[in-house]
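A structural walkthrough
The primary structure of each chain is shown beneath.
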Number of protein chains: 2
Amino acid sequence: MRVRTVLEGVGQSVAIDAGGPFVVIGERINPSGRESLARQLVRGDMSLVREDALAQSKAGAHVIDVSVSALDVDEEQTLPRAVKEVAGVVGAPICIDTSNHRALAAALDACPGRPLVNSVTGEKASLEVVLPLVKDRGCAVVGLCIDERGIPKDSSSRLEIAKRIVGAADEHGIAVEDVVIDPLAMAVASDQQAALVTLEAIGSIRANLGVNTTLGGSNMSFGLPERELINRSFLAMCVAAGLTSALLNPLDVEIRRTVAACNLLMGWDEYAMQFLQRSRSGW
Amino acid sequence: MRVRTVLEGVGQSVAIDAGGPFVVIGERINPSGRESLARQLVRGDMSLVREDALAQSKAGAHVIDVSVSALDVDEEQTLPRAVKEVAGVVGAPICIDTSNHRALAAALDACPGRPLVNSVTGEKASLEVVLPLVKDRGCAVVGLCIDERGIPKDSSSRLEIAKRIVGAADEHGIAVEDVVIDPLAMAVASDQQAALVTLEAIGSIRANLGVNTTLGGSNMSFGLPERELINRSFLAMCVAAGLTSALLNPLDVEIRRTVAACNLLMGWDEYAMQFLQRSRSGW
């Protein structure tokens, strides 16, 4: 079984697909840990939002994630505005990133095309509120492998949550190809088995449910030095295990190079044309 | 099933084991593409052989591969001498790398400890000559997934050859833990599916035979630019797929960094102690 998750922006369509290529969801528009962006969002200034959207799109992001969640930011007001601003400058589909359901509803109203909703969890309260919005809008949704008991330590329990999310989506009339599962990655510094569990979960979710998968690409290295080295090694491992998309920073040249190498090695780059072209143009 | 391939040098013992850590077989002592080493070997000068052994051992190689195969080099004379020289300067086990059976026999006589023979193939003629030497010496052997018909394009045929090698070894009284299978890696530039086939073969050989695996780490990138980027990405993919050792150049800092990241991510580096220590000491 192999499914295609089709997302649409303003004139651009992107498919997440096990047949590749790997889909990069640009993660930069997120005020967590970015003081300058947080300050602008509090003031309602959208200039960095526009700049980040453009720069990431030029750097090869297929989808642009938009999160405005920060202290003192009114998400319900700000998220729909940010989504509109991004759609005004890039053609790429948007990933609406919020855990605030009213902000999500407002952002979905403001967003053109066929966005990706990031995210629903395995918690009953989340499934009951988010899935009707996704169904109503006819878009796709990221399902996080977390429920009322937290993030399971083992991969089989994460698979169980993924099954529950796919099942609940089906009950709401959302097709399996419109659910993208995030198996979640914990920091390897605090749990030695963390990467292995995520790799196993990617493989078993793919084998059992056939759905596409995504991942925040930088949690794994939290608390360690040389995070870029750890992140790029883990990215290659995850792609080999079956991961079909990830939230990444495409402005990081090492991430762009690793994604190009992964596409080449997975057989997703005919005649190595993309790889050679990017290598020649200095990435 | 999980097996341990135990190799011994002069006072040092190394186990290749799916429980990690990843075993680095230093590939530098090989005159192919190294003019200076080839010229020395023709003259019988062993100074680069000694230098390379020492440098690789200091750089973290667990096993030292020794190949002297080059035009105008008398392997039968030179290989035993080179093996003795290496054993004279490092405690690491030796990987005797030759397709010349008389040179192999002579090198085995000269080699202390419990070496790794690199290699036997799935060809009848190779199995019949190499396996008795391995059994007689009581050491371990690398089995290449190639036979009379060449290197199969698909992973299931490579698994079949691996099965045949393990079966023939068993008939000769060689235990399954003393066979390390090399699934082989072709250049992705000439076959878009090459990496994928190798990754599949690593997984299926591990799942079906439980044996340890090794790989020449740099063939994959042949004919392409930025080989180091492709090699390190492929290495991470292979480790995630179950590869337990590889022939690598430990003098390349990016290879050392990638191996350390892989050990960390596979849960083979308790409390990230190795990673932190190497990072602090500048690798």
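Residues numbered from 1 in each chain as written. Chains lettered and ligands numbered in written order. Predicted model: local features only at pLDDT ≥ 70, side-chain atom pairs only at ≥ 80, totals over all residues. Heavy atoms only, no water.

What follows covers helix α5 (residues 124–137) of chain B. All names here are of chain B. For α5, built from 14 residues, the straight-helix expectation of 20 Å at 1.5 Å per residue is met to within 8% by its first-to-last C-alpha distance of 20 Å. If you check which residues of α5 are buried, you get S126, L127, V130, L131 and V134. Looking one or two places after α5, you find G138, whose phi comes out positive at around 70 degrees. (Helix = DSSP H or I, 4+ residues; strand = E, 2+ residues; numbered from the N terminus. Expected span 1.5 Å × (residues − 1). Buried < 20%, exposed > 50% of the residue type's maximum accessible area, 1.4 Å probe, protein only.)

Let us look at the packing of helix α7 (residues 194–209) of chain A against helix α8 (residues 227–241) of chain A. All names here are of chain A. For the pair α7 and α8, interaxial distance at closest approach is 8 Å and the crossing angle is 25 degrees. What the angle tells us is that α7 and α8 run roughly parallel. Viewed along their axes, α7 and α8 form a crossing whose handedness is right-handed. Here α7 contributes A195, T198, L199, I202 and G203 to the contact with α8, which in turn contributes F234, M237, C238 and A241. Its residues assigned to classes, the contact of α7 with α8 shows 7 nonpolar, 2 polar and no charged. (Axes fitted to C-alpha atoms, helices over the stretch in contact; angles between N-to-C directions. Parallel < 35°, antiparallel > 145°, perpendicular 65-115°, else oblique. Left-handed = near helix turned anticlockwise from the far one by under 90°. Contact = heavy atoms within 4.5 Å. Nonpolar A, V, L, I, M, F, W, Y, C, P; charged D, E, K, R; others polar.)

In the case of a regular strand, side chains alternate between the two sheet surfaces. All names here are of chain B. Looking at chain direction, strand β1 (residues 4–8) and strand β2 (residues 13–17) are connected through 5 bridges and run antiparallel. Its bridge partner being in β2, V6 is matched across the sheet by A15. Linking β1 back to β2 in an antiparallel pair, the connection comprises 4 residues, with G11 at a positive phi of about 90 degrees. (Pairing = 2+ DSSP bridges.)

In this section: unusual backbone geometry. All names here are of chain A. Along the chain, N118 connects to S119 via a cis peptide bond; the corresponding omega equals 25 degrees. Note that S119 resides in strand β6 (residues 116–121). Phi at D72 is positive, roughly 70 degrees, even though this residue is not glycine. The exposed category is assigned to D72, whose relative accessible area is 66%. One non-glycine residue, E226, lies in the positive phi region at around 55 degrees. Tracing the backbone through its elements, the reader meets E226 in the loop between β9 (212–213) and α8.

Moving on, we get to the sheet that holds strand β7 (residues 140–144) of chain B. All names here are of chain B. Spatially, the 8 strands line up as an open sheet ordered β9-β8-β7-β6-β5-β4-β3-β10, and their pairing is parallel. Here the strands that pair on one side only, and so sit at the sheet edges, are β9 (212–213) and β10 (245–248). Of the strand pairs in this sheet, strand β6 (residues 116–121) and β7 are connected by 5 bridges, and their pairing is parallel. In the sheet register, N118 faces β7, and the bridge partner there is V142.

Counted under the stated rule, the structure contains 0 disulfides over all chains. In this model A:C111 remains outside any disulfide bridge; the closest cysteine sulfur is found in A:C139, 8.3 Å from its own. Here B:C262 stays unpaired: no disulfide links it, and the sulfur of B:C238, its closest cysteine neighbor, is 9.5 Å away. (Disulfide = S-S within 2.5 Å.)

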